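# Structural overview
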Amino acid sequence: MSQEENVDIHYKRQMNHNYMIIDAPSGKGGYECQMLAGNSIEGLLRFRVEYQEEKQQFYYEITSKQPLSRMLEKRRATGEEIRRLILDLIAVLRRIEEYLLKEEQLLLDPEYIYVDPNGFHASLCLVPGMEGDLPAALSELLQYFECILFQYACSVFCKIGSFVHIRRSIFHKFYRSADDPADFLISQPVSFYHQIIF
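A brief look at the structure comes next. (Residues numbered from 1 in each chain as written. Predicted model: local features only at pLDDT ≥ 70, side-chain atom pairs only at ≥ 80, totals over all residues. Heavy atoms only, no water.)

To continue, consider the packing of aromatic side chains. Scanning the model with the defined rule gives 4 aromatic pairs in all. An angle of 65° between the planes, with centres 5.6 Å apart, marks the rings of tyrosine 19 and tyrosine 59 as edge-to-face. Here tyrosine 19 is found in strand 2 (residues 17-23), whereas its partner tyrosine 59 is found in strand 4 (residues 55-61), with 40 residues between them in sequence. Both rings, one in phenylalanine 47 and one in phenylalanine 58, keep their centres 5.2 Å apart while their planes meet at 50°; by these two values the pair is tilted. Here phenylalanine 58 lies in strand 4 and phenylalanine 47 lies in strand 3 (residues 47-52), a separation of 11 residues in the sequence. What links up through ring pairs into an aromatic cluster is the set Phe47, Phe58 and Tyr60. Over the face of the ring belonging to tyrosine 19 we find arginine 48, whose NZ or CZ atom lies 4.6 Å from the ring centre. (Phe/Tyr/Trp six-rings, centres within 6.5 Å; stacked < 30°, edge-to-face > 60°. Helix = DSSP H or I, 4+ residues; strand = E, 2+ residues; numbered from the N terminus. Lys NZ or Arg CZ within 6 Å of the ring centre and 35° of its normal.)

What follows deals with the nonpolar core. Residues Met20, Ile22, Leu44, Tyr60, Leu106, Leu124 and Val127 are the most contacted members of the largest nonpolar core, which totals 47 residues. The dominant element in this core, judged by the number of residues it contributes, is helix 3 (residues 79-98), at 7 residues. When near neighbours in sequence (up to four residues on either side) are disregarded, leucine 124 contacts Gly43, Leu44, Leu45, Leu89, Val92, Leu106, Leu108 and Ile113. (Core = buried A, V, L, I, M, F, W, Y, C linked by side-chain atoms within 4.5 Å. Buried < 20%, exposed > 50% of the residue type's maximum accessible area, 1.4 Å probe, protein only. Contact = heavy atoms within 4.5 Å.)

So this is what it looks like as structure tokens:
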């Protein structure tokens, strides 16, 4: 993904808190800054503005959270966790409309989507003043989720050892005469895995 190419991102620890810091786009995002700083919006990282040598910086609270990409490098997500991520994303997209915030200012790279390891709930980063391409960013994120779904489905199939034991009705509908189960899996659209998981 390339959204982060337009923003300068670094990290800082203060006392017992960890922050992701983004240099503000010059002269932009006044309304969004006020809304983010003045409201605790569920599904968005907590936000505040600081000034360093007359440069505006956005501080995002990431204490006790981990980047989605890093977490999934260590282990596979479960079906319920994948479902939760997608529902969290949908909820945030709906919620920011209530605050008149701009969807294209969401940073949707998995490296900057932060997840609570305990509940596996996602918190997104909204960058005031950022001019993003929402359709492209969403498309890339959904492709990322599709890969996760595929990995999950494969792991389930391997553990059980037979497609029939997962959900006989889905197996009968989609898998009638394939000679190679691996080829069958690879050929299926993401909707196939949605029906297994959801």
